[in-house]
Amino acid sequence: MSVHPDARPAGGRVGAAWKAAHAPAAGVPRWARVAAYAVPLTVLPSGIWRLGLLFVDHSEADSGQLPDWLPLEVYVVLLSVVSELLAFTAVGLVAAWGEVVPRWIPVLGGRRIPVAAAAVPAALGAVALTALWTVLAAVTQVAGTTIQGDPMPADFPSEVGGWTALWFYVCYVPLVLWGPLLGVVTVAYWRRRRRMP
């Protein structure tokens, strides 16, 4: 069997995309890369928890504040995927694609990204995430109330106890790090890009 000399190995495009997405920009300190790569990992366990809910019977469950047209299963998948994609944007603060618009994007491809265009949304996100997960989620858990101030339902995973509560905390406690990690990576991005010509 002969192999064409220009043929790529299986997964070649995926591997190339992975390398391009993670290729560090010049001058990025190692600690900043580690912090940026940790951000999606802090979000992943909560997504795994939510996706596990797809295998639980929800026939009589209350779907909370969801509109009637949005099935709970679709919401859970969308929330998990969107959360992970948002978390992955932290990698852009240390990768080459966070400094120059990728060439495949029409009109803007190849142009330098203004520092503030990336740093300001990232800083606002870091503040919002820190407030959300530290103040709202952690404080309400300690107080035993929902975000609305109502008593925590008895069937809420943290209230059930045992392995269910342990698994819930293992999956959700890492989210407390999302905002602070994004904050330090944003400061590193701002300082590095402001020094560049």
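A brief structural summary. (Residues numbered from 1 in each chain as written. Predicted model: local features only at pLDDT ≥ 70, side-chain atom pairs only at ≥ 80, totals over all residues. Heavy atoms only, no water.)

## Some points on the overall build of the protein chain
Piece 1. Counting secondary structure elements, the protein chain contains seven helices and zero strands.
Piece 2. When the helices and strands of the protein chain are read in sequence order from the N terminus, they spell out α-α-α-α-α-α-α.
Piece 3. Evaluated residue by residue, the protein chain yields a buried proportion of 31% over its 197 residues.
Piece 4. Contacts in the protein chain between residues far apart in sequence, at least 24 positions, make up 71% of those at least 6 positions apart.
Piece 5. Just so you have it, the protein chain exposes about 12,900 Å², and 70% of that area is on carbon and sulfur atoms. (Helix = DSSP H or I, 4+ residues; strand = E, 2+ residues; numbered from the N terminus. Buried < 20%, exposed > 50% of the residue type's maximum accessible area, 1.4 Å probe, protein only. Contact = heavy atoms within 4.5 Å. Areas by Shrake-Rupley, 256 points an atom, 1.4 Å probe, with all protein chains shown as cover.)

## Notes on helix α2 (residues 30-52)
Structurally, the α-helix is built with 3.6 residues per turn, so residues lying three or four positions apart point the same way.
Piece 1. The end-to-end C-alpha separation of α2 is 34 Å, in line with the 33 Å expected for 23 residues at 1.5 Å each.
Piece 2. Maximum bend of α2: about 25 degrees, positioned at Leu44, with proline Pro45 one to four residues after it.
Piece 3. The complete set of buried residues in α2 reads Ala32, Ala35, Ala36, Val39, Pro40, Thr42, Val43, Pro45, Ser46, Gly47, Trp49 and Arg50.
Piece 4. In this fold, the buried residues of α2 make contact with α3 (72-88), α5 (157-160), α6 (162-172) and α7 (178-195). (Expected span 1.5 Å × (residues − 1). Bend = angle between axes of the 7 residues up to and from the residue.)

## Focus on a nonpolar patch on the surface
Piece 1. A cluster of nonpolar side chains, contributed by Leu41, Leu44, Ile48, Trp163, Leu166, Trp167 and Val170, occupies part of the molecular surface with about 780 Å² of accessible area.
Piece 2. For the nonpolar patch, the secondary structure elements donating two or more residues are α2 and α6.
Piece 3. In terms of residues, the nonpolar patch owes the most to one element, α6, which gives four residues.
Piece 4. Judged by relative accessible area, which is 72%, Trp163 ranks as exposed. (Patch = residues over 30% accessible without salt bridge, like charges linked within 9 Å, V, L, I, M, F, W, Y side chains within 5 Å. Salt bridge = Lys/Arg side-chain N within 4 Å of Asp/Glu carboxyl O.)

## Section: α7
Piece 1. The end-to-end C-alpha distance of α7, which contains 18 residues, comes to 26 Å, matching closely the 26 Å that a straight helix rising 1.5 Å per residue would cover.
Piece 2. Within α7, the full set of buried residues consists of Trp178, Gly179, Leu181, Leu182, Val185, Thr186, Ala188, Tyr189, Arg192 and Arg193.

## Overview of the pattern of salt bridges
Piece 1. For the structure shown, the criterion picks out one salt bridge.
Piece 2. The partner of Glu99 in a salt bridge is Arg192, with the nearest N and O atoms 2.2 Å apart. Here Glu99 is found in the loop between α3 and α4 (115-143), whereas its partner Arg192 is found in helix α7, with 93 residues between them in sequence. Like Glu99, the residue Arg192 is buried in the burial classification.

## Brief notes about the nonpolar core
Piece 1. Judged by nonpolar contacts, the single largest core of 32 residues is most densely connected at Leu93, Trp133, Tyr172, Trp178 and Leu182.
Piece 2. Considering every element that reaches this core, the biggest residue donor is α4, with eight residues.
Piece 3. When neighbours within four sequence positions are excluded, Trp178 is seen to be in contact with Val39, Thr42, Val43, Ser83, Leu86, Ala87, Leu129 and Trp133. (Core = buried A, V, L, I, M, F, W, Y, C linked by side-chain atoms within 4.5 Å.)

## Quick word on the environment of Val184
Piece 1. Relative to the helices and strands, Val184 resides in helix α7.
Piece 2. Judged by relative accessible area, Val184 falls into the partly exposed class, the value being 39%.
Piece 3. Note: C-alpha distance between Val184 and Ala35 (149 residues apart in sequence) is 7.9 Å.

## Some details on the packing of aromatic side chains
Piece 1. A complete count under the given rule lists six aromatic pairs for this structure.
Piece 2. Here the aromatic rings of Trp49 and Phe168 are separated by 5.4 Å at their centres, their planes lie at 70 degrees, and the arrangement is edge-to-face. Of this pair, Trp49 sits in helix α2 while Phe168 sits in helix α6, and the two are 119 residues apart along the sequence.
Piece 3. The class for Phe168 is buried, based on a relative accessible area of 8%.
Piece 4. Aromatic side chains Trp133 and Tyr172 sit 6.5 Å apart centroid to centroid with 45 degrees between the ring planes, which places their arrangement in the tilted category. Here the residue Trp133 occupies a position in helix α4, and Tyr172 occupies one in helix α6, the gap between them amounting to 39 residues. Both residues of the pair, Trp133 and Tyr172, belong to the buried class. (Phe/Tyr/Trp six-rings, centres within 6.5 Å; stacked < 30°, edge-to-face > 60°.)

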